[in-house]
Amino acid sequence: MGTTASQLDKGMLSEYQELTFLTKQEILLAYKRFSELLPKEETNGLSYRIPMNAILELPELKTNPFNKRICMVFSTSDSHDGSLSFDDFLDLLSAFSDSATLEIKSHYAFRIFDFDDDGTLGRQDLEKLVNCLTGGTVDTSLTPEEMKQLIDNILEESDIDKDGTVNLSEFQHVISRSPDFVS
């Protein structure tokens, strides 16, 4: 694809490298992947927003149980439709890159798990989180009693200030004790 080099000049590439945890090669590959999602008639990929349904077709997101939340969290669209600009796409890739810090990864994980976007993980957020992780089908769903017990246990372990929710700092404290989270 000949537009990759012309769309991303050296200055932009350097700026993207400074603002993300991505290498030059990763940024160029990201632009190539992003460009493949553009409509044929689109000539300026940097200003175009890819609709969420197209982003969700990427193999890396297609089977992720949080795929729609990931798009919503990283989208800067005024219409809150989950569409991603190239900058949004790079932010997403940067946050999930091996080079991203634990603080960055846990911050975005928290935002993804905060389904109601209120800045805390309450009982409803935790229930949705568990359902996403278990598949949320009749065969894999927890009984109401099991769900209540699990959420009670999560809050007992995580809710340091005992307000009935998990805030970002409490979440990051729990994550810091979980080495598996980074991998």
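Going by the structure above, here's the rest.
What you are looking at is a predicted structure, and each value in this text was computed from that prediction instead of being measured. (Residues numbered from 1 in each chain as written. Predicted model: local features only at pLDDT ≥ 70, side-chain atom pairs only at ≥ 80, totals over all residues. Heavy atoms only, no water.)

Caption draft 1: Main features of helix α11 (residues 168–176). Burial in α11 covers these residues: Glu-170, Phe-171 and Ile-175. One face of α11 carries all of its buried residues, which in axial projection span an arc of 140°. Turning to α11, the residues buried within the fold contact α8 (102–113), β1 (120–121), α10 (144–158) and β2 (166–167). (Buried < 20%, exposed > 50% of the residue type's maximum accessible area, 1.4 Å probe, protein only. Helix = DSSP H or I, 4+ residues; strand = E, 2+ residues; numbered from the N terminus. Arc of directions from axis to C-beta. Contact = heavy atoms within 4.5 Å.)

Caption draft 2: How the structure looks around the packing of helix α6 (residues 67–74) against α8. Where α6 contacts α8, the axes come no closer than 9 Å and their chain directions differ by 115°. In terms of axis orientation, α6 runs roughly perpendicular to α8. Handedness of the crossing formed by α6 with α8: right-handed. Of α8, the residues touching α6 (which contributes Arg-69, Ile-70, Val-73 and Phe-74) are Tyr-108, Arg-111 and Ile-112. Broken down by class, the residue content of the contact of α6 with α8 amounts to 5 nonpolar, no polar and 2 charged. (Axes fitted to C-alpha atoms, helices over the stretch in contact; angles between N-to-C directions. Parallel < 35°, antiparallel > 145°, perpendicular 65-115°, else oblique. Left-handed = near helix turned anticlockwise from the far one by under 90°. Nonpolar A, V, L, I, M, F, W, Y, C, P; charged D, E, K, R; others polar.)

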